[in-house]
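Topology and contacts: notes
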Amino acid sequence: GPKVLQIPSHQIIDMGQMVTLNCDPVSNHLYFYWYKQILGQQMEFLVNFYNGKVMEKSKLFKDQFSVERPDGSYFTLKIQPTALEDSAVYFCASSGDNTEVFFGKGTRLTVV
Amino acid sequence: GDSVTQTEGPVTVSESESLIINCTYSATSIAYPNLFWYVRYPGEGLQLLLKVITAGQKGSSRGFEATYNKETTSFHLQKASVQESDSAVYYCALGASNTNKVVFGTGTRLQVLP
């Protein structure tokens, strides 16, 4: 079936540095999402993105976070600067209609 | 806010036994939520197991089924006879059809013993 690819699967970054998480969504999908899951907690919505714009974001989507999809390439989540509490697994997702969302396997971000 | 509560895991059952994982939801900002069950098999990404977008309807897939009950705000997942290959983490979720934002439960780890 359709696959959302996330690269890399694990990233370690020094606190205060910038990190960019990459997501290759399903071809022809138009809606894109990021979710965050801290170890032992539930997966929580961060942001959704459509037509080059953020449609909705949660309170977890701090000012240090930004998303973009330049020229229809990767959908990215940038964190600048990173903080220890940003350590989590970040899941990218995409959808082409209003009923099914496809998820990637996640990128585990460790901020040290 | 919108939330989903589901059976706290881990749940352990023997092969061929029946299974029910409870799920209740609260949709305060979404008038007509879509309801989902997602599953994550070991080493795999999250994938949709079944979805129901109309209250009163039942969804089914791979022997699992769940009925969208608006009166009790429930969407319990059931299977009559589980298999060892069903061992995974199951997530109940609700979503808004206009934004596709999905609210997840905490997940229930299911272990099926041979």
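A brief structural summary. (Residues numbered from 1 in each chain as written. Chains lettered and ligands numbered in written order. Predicted model: local features only at pLDDT ≥ 70, side-chain atom pairs only at ≥ 80, totals over all residues. Heavy atoms only, no water.)

Points about the state of the cysteines
Residues and elements named next belong to chain A. This structure, assessed with the given rule, holds two disulfides over all chains. Covalent S-S linkage joins Cys23 and Cys92, the inter-sulfur distance amounting to 1.9 Å. Between Cys23 and Cys92 the disulfide shows an S-S torsion of about -70°. By sign, it is left-handed. Placement of the pair is Cys23 in strand β3 (residues 19–24) and Cys92 in strand β9 (residues 88–95), with a sequence separation of 69 residues. Assigned by exposure class, Cys23 and Cys92 land together as buried. (Disulfide = S-S within 2.5 Å. Helix = DSSP H or I, 4+ residues; strand = E, 2+ residues; numbered from the N terminus. Buried < 20%, exposed > 50% of the residue type's maximum accessible area, 1.4 Å probe, protein only.)

Examining the packing of aromatic side chains
Scanning the model with the defined rule gives 15 aromatic pairs over all chains in all. Look at A:Tyr35 and A:Phe45: their rings are 5.7 Å apart centre to centre, the planes differ by 75°, and that puts the pair in the edge-to-face class. Of the two residues, A:Tyr35 is situated in strand β4 (residues 31–37) and A:Phe45 in strand β5 (residues 44–50); the sequence distance between them amounts to ten residues. Like A:Phe45, A:Tyr35 is buried. Aromatic pair B:Tyr38 and B:Phe104: ring centres 5.6 Å apart, planes at 55°, arrangement tilted. Note that B:Tyr38 is positioned in strand β5 (residues 34–40) and B:Phe104 in strand β11 (residues 102–104), a separation of 66 residues in sequence. (Phe/Tyr/Trp six-rings, centres within 6.5 Å; stacked < 30°, edge-to-face > 60°.)

Brief notes about the sheet that holds strand β7 (residues 58–61) of chain B
Residues and elements named next belong to chain B. Strands sit in the order β3-β9-β8-β7 across an open sheet of four strands; the sheet is antiparallel. Every other strand in the sheet has two partners, leaving β3 (19–21) and β7 as the edge strands with one partner each. Taking each pair of neighbouring strands and ignoring which way they run, the sheet shows an average axis angle of 20°. (Pairing = 2+ DSSP bridges. Axes fitted to C-alpha atoms, helices over the stretch in contact; angles between N-to-C directions.)

Thoughts on a nonpolar patch on the surface
Taken together, the side chains of A:Leu30, A:Tyr50 and A:Met55 present a nonpolar region at the surface, about 260 Å² in accessible area. Residue class for A:Tyr50 comes out partly exposed when judged on its relative accessible area of 31%. (Patch = residues over 30% accessible without salt bridge, like charges linked within 9 Å, V, L, I, M, F, W, Y side chains within 5 Å. Areas by Shrake-Rupley, 256 points an atom, 1.4 Å probe, with all protein chains shown as cover. Salt bridge = Lys/Arg side-chain N within 4 Å of Asp/Glu carboxyl O.)

A word on the nonpolar core
Residues B:Trp37, B:Leu49, B:Leu50, B:Phe75, B:Leu77 and B:Tyr90 are the most contacted members of the largest nonpolar core, which totals 29 residues. Of all the secondary-structure elements, those providing two or more residues to this core are β2 (11–14), β3, β4 (23–26), β5, β6 (47–52), β8 (64–67), β10 (88–95) and β12 (108–113) of chain B. For B:Tyr90, the residues in contact, after removing those within four places along its chain, are B:Gln6, B:Ile21, B:Trp37, B:Tyr38, B:Val39, B:Leu49, B:Phe64, B:Leu77, B:Gly107, B:Thr108 and B:Leu110. In this structure, A:Val47, A:Phe61, A:Phe102 and A:Leu109 belong to the second largest nonpolar core, which totals 23 residues. (Core = buried A, V, L, I, M, F, W, Y, C linked by side-chain atoms within 4.5 Å. Contact = heavy atoms within 4.5 Å.)

Some points on the interface of chain A and chain B
Frequently, the measure chosen for interface size is the accessible area removed from exposure when the parts meet. Listed as interface residues are 19 residues of chain A and, on the opposing side, 21 residues of chain B. The junction of chain A with chain B conceals about 1700 Å² of combined surface from both sides, 50% of it contributed by carbon and sulfur atoms. Taken together, the connections running from chain A to chain B amount to zero salt bridges. Counting every contact that joins chain A to chain B gives three residue pairs in polar contact (both at pLDDT 80 or more). Counting residues per element, the ones that place at least two in the side of chain A that touches chain B are β4, β5, β6 (53–57), β9 and β10 (101–103) of chain A. For the side of chain A that touches chain B, the element with the most residues is β4(A), which contributes three residues. (Buried area = accessible area lost by both parts, 1.4 Å probe. Polar contact = N/O pair within 3.5 Å; in protein donor to acceptor, adjacent residues only side chain to side chain.)

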